[in-house]
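Okay, here's what each chain looks like letter by letter:
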Amino acid sequence: MGRELAITGHTELIGLVATPIRHSMSPQMHNAAFDALGLDYVYLVFEVGKEELKDTVAGLKAMKVRGWNVSMPNKGDIGQYLDHVSLVSELCGAINTVVNDDGVLTGTSTDGTGFVRALKENGLDIKGKKLVLLGAGGAAAAIMAQCAIDGAREIVVFNKKDAFYAKAQERIKLIEEKTGVEMHLYDIDDKALLKQEIDSADVLANATSVGMVPHQDSCLVEESDLHEGLYVFDCVYNPKDTLLLQRAKKVGAIPVSGVYMLLYQGAESFKLWTGKEMPIDIARKAIG
Ligand code: NAD
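What counts and what doesn't
- Position numbers for residues count from 1 along each chain, tracking the sequence in the order it is written.
- Reporting in this predicted model follows two pLDDT cut-offs: at least 70 for local features of residues, and 80 or more for side-chain atom pairs to be given and counted; totals over whole chains, interfaces and linings ignore these cut-offs and use all residues.
- Note: side-chain values were computed over all heavy atoms of the structure, leaving out hydrogens and water.
- Numbering of helices and strands starts at the N terminus; helices are DSSP runs of H or I of at least 4 residues and strands are runs of E of at least 2.
- Values of the radius of gyration come from C-alpha atoms, whereas the globule rule sets the reference at 2.2 Å times the count of residues to the power 0.38.
- Only protein chains enter the calculation, and the probe is 1.4 Å; a residue is then buried if its accessible area is under 20% of its type maximum, exposed if over 50%, and partly exposed in between.
- Note on contacts: a residue pair qualifies if any of its non-hydrogen atoms lie within 4.5 Å across the two residues.
- A residue's pLDDT is the predictor's confidence in that residue, given on a scale from 0 to 100.
- A pair of strands is treated as paired once DSSP finds two or more bridges between them.
- Proximity criterion: a residue is near a molecule or strand once any of its heavy atoms comes within 4 Å of it.
- Identification of polar contacts relies on pairs of N or O atoms within 3.5 Å, with a donor-acceptor requirement for protein atoms, meaning one able to donate a hydrogen and the other able to accept it, and with residues adjacent in sequence counted only if both atoms are side-chain atoms.
- The Shrake-Rupley method, run with a 1.4 Å probe, gives the accessible areas here. Residue values count only the displayed protein chains as cover.
- In the scheme used here, Gly and all other residues not listed as nonpolar or charged are polar, with Ala, Val, Leu, Ile, Met, Phe, Trp, Tyr, Cys and Pro taken as nonpolar and Asp, Glu, Lys and Arg as charged.
- Multiplying one less than the number of residues by 1.5 Å gives the expected span of a helix.

Here we come to the overall build of the chain. Within the chain one finds 10 helices and 12 strands. By the compact-globule yardstick of 19 Å for 288 residues, the chain fits well, its C-alpha radius of gyration being 19 Å. With 288 residues in all, the chain has 50% of them scored as buried. Of the contacts formed within the chain by residues at least 6 apart in sequence, a portion of 71% connects residues at least 24 apart.

Turning our attention to the confidence of the model for the chain. Averaged over every residue, the pLDDT of the chain is 97; residues scoring 70 or more account for 99%. With pTM at 0.96, the complex prediction returns an ipTM value of 0.99.

Within a regular strand, the side chains alternate between the two sheet faces. In terms of residue burial, strand S5 (residues 97-101) counts as a mostly covered element, since four of its five residues are buried. Summarising the sheet, strand S3 (residues 67-70) and S5 pair through three bridges and their orientation is antiparallel. If you follow Gly 67 over to S5, its bridge partner there is Val 99. Pairing geometry for S5 and strand S6 (residues 104-108), over five bridges, is antiparallel. Paired with Asp 101 across the strands is Val 104, a residue of S6. Between the end of S5 and the start of S6, which pair antiparallel, lie two residues, with Asp 102 showing a positive phi angle near 50°.

Before going further, it helps to spend a moment on the site of the ligand. Surrounding the ligand, one finds 21 residues, the nearest of these being Ala 136, Gly 138, Ala 139, Asn 159 and Asp 162. Contacts to the ligand include Ala 136, whose backbone N or O atom sits 2.9 Å from an oxygen atom. Measuring from a nitrogen atom of the ligand, one finds a backbone N or O atom of Cys 235 at 3.0 Å. Protein coverage of the free-state accessible area of the ligand, which is 850 Å², stands at 75%. Listed by contribution, the elements that provide at least two residues to the shell around the ligand are helix H5 (138-149) and helix H9 (258-274). The element that contributes the greatest number of residues to the shell around the ligand is H9, accounting for three residues. Per-class residue counts for the shell around the ligand are 12 nonpolar, seven polar and two charged.

The next point concerns helix H6 (residues 163-179). In a regular helix each residue adds 1.5 Å, so 17 residues correspond to 24 Å; H6 covers 25 Å between its end C-alpha atoms and thus fits that length. Restricting attention to buried positions, one finds in H6 the residues Tyr 165, Ala 168, Ile 172 and Ile 175. At its buried positions, H6 is contacted by helix H3 (87-92), H5, strand S8 (154-159) and strand S9 (182-187). The positive-phi residue at the C-terminal boundary of H6 is Gly 180, with phi of around 80°.

This brings us to the side chain of Thr 242. Position of Thr 242 relative to the elements: it lies in the loop between strand S11 (231-234) and helix H8 (243-250). With relative accessibility at 1%, the residue Thr 242 sits in the buried group. For Thr 242, the residues in contact, after removing those within four places along its chain, are Gly 211, Asp 234 and Val 236.

Okay, structure coming up:
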């Protein structure tokens, strides 16, 4: 879709600072949404790594840029250059959105709100619910932090005994202390325990990269681990119809695609910058 508005002296910039980042679908999503609402903004990506991050933040602030997204490798580092960091970012240790209010920079993470809203749009409020979460990396941290803030009853995390596992122990302790939510961390190789925890869960979410191309034939749970009425969320959005979602459909569980987490995290950032609701159907079409 081409831009309807001419770029003029009034056009405002929104950026994305990360590397590598040329593959991102965020420009298509945000520019289509700006265009649909007649908002005179343009969204561009900038290949910025850790070494240039401090100067980039100072430059964007000096240029009075309204806001920007942040992705790897900068999500964990950018907080030190900002004035405020939200509770969810404090808990998940990452920032994906910065808002510039007249020179005051605030960082937050919208990945978790994207997850919670995707569930809500499919009929489930996370408040009072039990979540079983596969993975303890960046996406999982944002999800556990936001679900804890939003009043989930219990969050059970399963991960491999890799480097993420030890870090997750500390993160879970912090989230428990700050929110009072009951949380547990277990080894994902304990398949009997995994099945038992899923049996009493309202939501199962995969926040590992398992199932993503080129490993789309892999899945961490069997069909027999799932049950009717369970919400099965796959953060993986490439492919859109993952093996996990296919298994969910077969047993009458409710599949929720990571495409919607991607859209709703974008929508939350969009609202923080513009004060407007992102037109989801248009943004959805723009990312294909
Ligand atoms: P990450 O590298 O921070 O974490 C990877 C996680 O996967 C870790 O917990 C790791 O232990 C686990 N893992 C890796 N290989 C595994 C295996 N073979 N078996 C079991 N666990 C394994 O990555 P991330 O940024 O958290 O991303 C994870 C996935 O979520 C990716 O597929 C990414 O595309 C997706 N994601 C989606 C959205 C969205 O908006 N839908 C947002 C962020 C991430």
